[in-house]
Amino acid sequence: MEQTAVQTELNSGKSSLSEELSRMTPEDAALFEKLQAAEAAKAARAETSTDAENEEVLCDEYGFPFEPEGYYNSAPLEFEEVAKALWVVLNNLNYTATRYNRLSPYYTILMTSLEKDI
């Protein structure tokens, strides 16, 4: 019986695989066994998992999964937190505006922003 090109390629692939396996160091063999055990455990978990675990994970257009609901606190900031944040911004604007020359165009831009924030 004649072998096709695909069968020949498959047979040559088997021999190169066995050659690669024979060249494995003991450390590589131990790592290979660990990987096989991990894959077997993963397959066993997949067989015994519930439907909720097999649910499809929704992702955004870049491939990142959406955050679970309640993962972080989305409560509005308290008055003190908002006031502190504004105070920091105003102090930084004031410090920067006082460093520029009064005739600089940047000074007028900063002062306009400072006045608006106050």
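Criteria and thresholds
- Residues numbered from 1 in each chain as written.
- Predicted model: local features only at pLDDT ≥ 70, side-chain atom pairs only at ≥ 80, totals over all residues.
- Heavy atoms only, no water.
- Axes fitted to C-alpha atoms, helices over the stretch in contact; angles between N-to-C directions.
- Helix = DSSP H or I, 4+ residues; strand = E, 2+ residues; numbered from the N terminus.
- Parallel < 35°, antiparallel > 145°, perpendicular 65-115°, else oblique.
- Left-handed = near helix turned anticlockwise from the far one by under 90°.
- Contact = heavy atoms within 4.5 Å.
- Nonpolar A, V, L, I, M, F, W, Y, C, P; charged D, E, K, R; others polar.
- Expected span 1.5 Å × (residues − 1).
- Buried < 20%, exposed > 50% of the residue type's maximum accessible area, 1.4 Å probe, protein only.
- Arc of directions from axis to C-beta.
- Polar contact = N/O pair within 3.5 Å; in protein donor to acceptor, adjacent residues only side chain to side chain.
- Phe/Tyr/Trp six-rings, centres within 6.5 Å; stacked < 30°, edge-to-face > 60°.
- Core = buried A, V, L, I, M, F, W, Y, C linked by side-chain atoms within 4.5 Å.

### A closer look at the packing of helix α3 (residues 79-99) against helix α4 (residues 105-117)
Here is step 1: The geometry of α3 relative to α4 is characterised by a closest axis approach of 9 Å and an angle of 155° between their N-to-C directions. When the interaxial angle is binned, α3 and α4 end up roughly antiparallel. For the element pair α3 and α4, the recorded crossing hand is left-handed. From α3, Val89, Leu90, Leu93, Asn94, Thr96 and Ala97 reach across to α4, where they touch Tyr107, Leu110, Met111, Ser113, Leu114 and Asp117.
Here is step 2: For the contact of α3 with α4, the class distribution of residues is eight nonpolar, three polar and one charged.

### Focus on α3
Here is step 1: Taking 1.5 Å of rise per residue, the 21 residues of α3 would be expected to cover 30 Å, and the 30 Å separating its terminal C-alpha atoms lies within 8% of that figure.
Here is step 2: By the burial criterion, the buried members of α3 are Leu90, Leu93 and Ala97. End-on, the buried residues of α3 take up no more than an arc of 65°, which puts them together on one face. Opposite the packed face of α3, turned more than 90 degrees from it, sit the exposed residues Glu80, Lys84, Trp87 and Arg99.

### What to know about α4
Here is step 1: With 13 residues, α4 should reach 18 Å at 1.5 Å per residue; the first-to-last C-alpha distance of 19 Å fits that figure.
Here is step 2: Of the residues flanking the start of α4, the one acting as N-cap is serine 104, its side-chain oxygen 3.2 Å from the backbone nitrogen of tyrosine 106.

### With respect to the packing of aromatic side chains
By convention here, two paired aromatic rings are described through the distance between centres and the angle between planes.
Here is step 1: Overall, the coordinates contain one aromatic pair when judged by the stated rule.
Here is step 2: Note on tyrosine 100 and tyrosine 106: the rings are 5.5 Å apart at their centroids and 40° apart in plane angle, and the pair reads as tilted.
Here is step 3: Overall, the relative accessible area of 51% leaves tyrosine 106 in the exposed class.

### Comments concerning the nonpolar core
Here is step 1: The biggest cluster of nonpolar side chains holds five residues, and these are Leu90, Leu93, Ala97, Leu110 and Leu114.
Here is step 2: Going through the elements one at a time, α3 and α4 are the ones with two or more residues in this core.
Here is step 3: No other element matches the three residues that α3 contributes to this core.
Here is step 4: If we skip the residues at most four places from it in the chain, leucine 110 touches Leu93, Thr96, Ala97 and Tyr100.

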